[in-house]
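# Geometric and topological summary
Listed here are the chains, written in short residue letters.
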Amino acid sequence: MQKVIGIGETVLDIIFRNDQPIHAVPGGSTFNALISLSRAGAQTSLISETGNDRVGRNIIQFLRDNGCNADCVNVYPDSKSPLSLAFLNEQNDAEYIFYKDHPHDRLDFVYPDIQPDDLILFGSYYALNPVIRPQVKAFLEYAHQRGAILYYDINFRASHQHEVIKLTANLLENFELADIVRGSAEDFETLFKKTDPDVIYRSQISFYTKKFIYTQAAQPIELRADGGLRKQYPIPPIETVSTIGAGDNFNAGFLYGLLVNGITRQQIEQGLTEQQWDNIIQSGLEFSAEACRSLYNYVSPEFGAKRKQELERLKDLENTESPE
């Protein structure tokens, strides 16, 4: 069975409404997606870093309690764990302030086992950060050589806009390594001052990969893929409690869709059918909608348990078809 391996930051998300703290949960873009995937029955591992403090220990324990392998989470002995303050507005969308105390970042980890068709999730500033770029790039190249499927969520915050020129080479390397790229309207406006998905696809993405997903909050998702496939997917209306984990859980649901549909890297390289794209993106929408219904950054254990049954049936089918 395919595994999901994520590389990204861990933080403690403190959530505010009307400028008052109302909730605190472990978070981080890749972290959130892996927790949801773990709850849905996927075999997951996180490559990350945290401080040697109570917050860091809680984050690692939370990963393990949810079934995610935390052996590759690097603990800095003399640093505090990062914090993210998320201020919800009337629409339950968040504005963020980040605090990080890692003056001597040096990502140090042993590569987890990677087999062909395993799924690699990477993105955010973590995938561009010049300080740890050598380690991140080496891992992504290794995963690509091992035949894994690389999914890149750009997730570039406006707070890093002043670094765009410095980070462009790293961004383009990520595009080149990725099999699938997802970016939001905010990402591309911040990076390239562009908002038209067709223009973005032609000028920034298609040279590197033909699989592109463009999200724009509550507006329809835009897909551009092999063979000139061009399609919109409306976002079903839901009553949100918090949208903090919406994009992260779209990623989780998308990767779950790859797992449950048994998608291989060879199939992706040859080009998925429209029906396959429909199934996978629908899975992303379902996970995203579920995460928006609570103050947590991930799908509920109950939602995960239902999806876990689907994966278990797939595993049983694989075991039945495997030779003795």
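To be clear, the structure that these remarks concern was listed above.
Values in this document were obtained by computation on a predicted structure and should not be read as measured data.

### Quick notes on the packing of helix 1 (residues 29–39) against helix 2 (residues 54–65)
Between helix 1 and helix 2, whose axes approach to 9 Å, the crossing angle comes to 30 degrees. What the angle tells us is that helix 1 and helix 2 run roughly parallel. Touching Phe 31, Ile 35 and Arg 39 of helix 1 are Ile 59, Phe 62 and Leu 63, all from helix 2.

### Quick word on the side chain of Glu 222
Residue placement: Glu 222 occurs in strand 12 (residues 219–225). Reaching out from Glu 222, the side chain makes a polar contact with the side chain of Gln 232 at a distance of 2.6 Å. Apart from residues no more than four positions distant in its own chain, Glu 222 is found in contact with Pro 197, Phe 212, Ile 213, Tyr 214, Gln 216, Lys 231 and Gln 232.

### Some remarks on the environment of Pro 77
Looking at where Pro 77 falls in the secondary structure, it is placed in the loop between strand 5 (68–76) and strand 6 (80–88). Sequence separation between Pro 77 and Thr 50 is 27 residues, and the spatial gap between their C-alpha atoms is 9.2 Å.

### Describing the sheet that holds strand 2 (residues 11–17)
What the four strands build is an open sheet, ordered 3-2-6-7; its pairing is mixed. The open sheet has two edge strands with one neighbour each: strand 3 (20–27) and strand 7 (94–101). Averaged over neighbouring strand pairs, the angle between their axes works out to 20 degrees when direction is ignored. Note: strand 2 against strand 3, seven bridges, orientation antiparallel.

### Points about the environment of Thr 10
Note on placement: Thr 10 falls in the loop between strand 1 (3–7) and strand 2. With 37 residues separating them in the primary sequence, Thr 10 and Ile 47 have C-alpha atoms 9.7 Å apart. A distance of 2.7 Å separates the side chain of Thr 10 from the backbone oxygen of Glu 49, its partner in a polar contact.

### Quick notes on the nonpolar core
Core analysis: the largest hydrophobic core is formed by 52 residues, its most contacted members being Phe 254, Trp 277 and Ile 281. Broken down by element, the residue count for this core peaks at seven residues, all from helix 7 (residues 246–260). Beyond its immediate chain neighbours, meaning those up to four positions away, Phe 254 contacts Tyr 151, Ile 180, Ile 213, Trp 277, Ile 280, Ile 281 and Gly 284. Of all hydrophobic cores here, the second largest spans 38 residues; its members include Ile 5, Tyr 152, Phe 156 and Leu 191.

### Some remarks on unusual backbone geometry
The phi torsion at Asn 18 lies on the positive side, around 55 degrees, for a residue other than glycine. Secondary-structure assignment places Asn 18 in the loop between strand 2 and strand 3. Positive phi is not limited to glycine here, since Ala 217 has a value of about 55 degrees.

### Considering the pairing of strand 12
For a regular strand, the rule is simple: side chains alternate between the two faces of the sheet. Here strand 12 lies mainly inside the structure; five of its seven residues are buried. With four bridges joining them, strand 11 (residues 212–216) and strand 12 adopt antiparallel strand pairing. Among the inter-strand pairings, Tyr 214 is bridged to a residue of strand 12, identified as Glu 222. The turn joining strand 11 and strand 12, which pair antiparallel and follow one another in sequence, is formed by two residues; a positive phi near 55 degrees is taken by Ala 217. Remark: three residues form the turn of the hairpin made by strand 12 and strand 13 (residues 229–233), two consecutive strands paired antiparallel; Gly 227 in that turn has positive phi of roughly 70 degrees.

### Brief notes about the packing of aromatic side chains
A complete count under the given rule lists 23 aromatic pairs for this structure. The interplanar angle of 15 degrees and the centroid separation of 5.8 Å between the aromatic rings of Tyr 96 and Phe 98 together place this pair among those described as stacked. According to the relative accessible area criterion, Tyr 96 is partly exposed, its value standing at 22%. Of the aromatic side chains, those joined through ring pairs into one cluster are Phe 122, Tyr 152, Phe 175, Phe 207 and Tyr 208. The ring of Tyr 96 carries Arg 157 above its face, with NZ or CZ at 4.4 Å from the centroid.

### Here we look at helix 4 (residues 164–177)
The end-to-end C-alpha distance of helix 4 is 19 Å, a good match for the 20 Å that 14 residues give at a rise of 1.5 Å each. Roughly 25 degrees is the biggest bend found in helix 4, and it falls at Asn 170. All of the buried residues along helix 4 are Val 164, Leu 167, Asn 170, Leu 171, Asn 174, Phe 175 and Leu 177. Those residues of helix 4 hidden inside the fold are in contact with strand 8 (119–123), helix 3 (133–145), strand 9 (149–153), strand 10 (180–184), helix 5 (185–192) and helix 6 (197–205).

### A look at the environment of Asn 32
Here Asn 32 shows up in helix 1. Considering only alpha carbons, one finds Asn 32 and Ile 235, 203 residues apart in sequence, at a separation of 21 Å. If we ignore the near neighbours within four places in the chain, the residues touching Asn 32 are Pro 26, Gly 27, Asp 248, Asn 249, Asn 297 and Tyr 298.

### Notes on the sheet that holds strand 1
Strand order in the open sheet formed by nine strands is 5-4-1-8-9-10-11-12-13, and the pairing between neighbours is mixed. Across the chains shown, the open sheet's two edge strands, defined by having one partner strand only, are strand 5 and strand 13. On average, each strand axis in the sheet is tilted by 15 degrees relative to the strand beside it, whichever way the strands run. Alignment of strand 10 against strand 11, held across four bridges, turns out to be parallel.

So, how was this worked out
Residues numbered from 1 in each chain as written. Predicted model: local features only at pLDDT ≥ 70, side-chain atom pairs only at ≥ 80, totals over all residues. Heavy atoms only, no water. Axes fitted to C-alpha atoms, helices over the stretch in contact; angles between N-to-C directions. Helix = DSSP H or I, 4+ residues; strand = E, 2+ residues; numbered from the N terminus. Parallel < 35°, antiparallel > 145°, perpendicular 65-115°, else oblique. Contact = heavy atoms within 4.5 Å. Polar contact = N/O pair within 3.5 Å; in protein donor to acceptor, adjacent residues only side chain to side chain. Pairing = 2+ DSSP bridges. Core = buried A, V, L, I, M, F, W, Y, C linked by side-chain atoms within 4.5 Å. Buried < 20%, exposed > 50% of the residue type's maximum accessible area, 1.4 Å probe, protein only. Phe/Tyr/Trp six-rings, centres within 6.5 Å; stacked < 30°, edge-to-face > 60°. Lys NZ or Arg CZ within 6 Å of the ring centre and 35° of its normal. Expected span 1.5 Å × (residues − 1). Bend = angle between axes of the 7 residues up to and from the residue.

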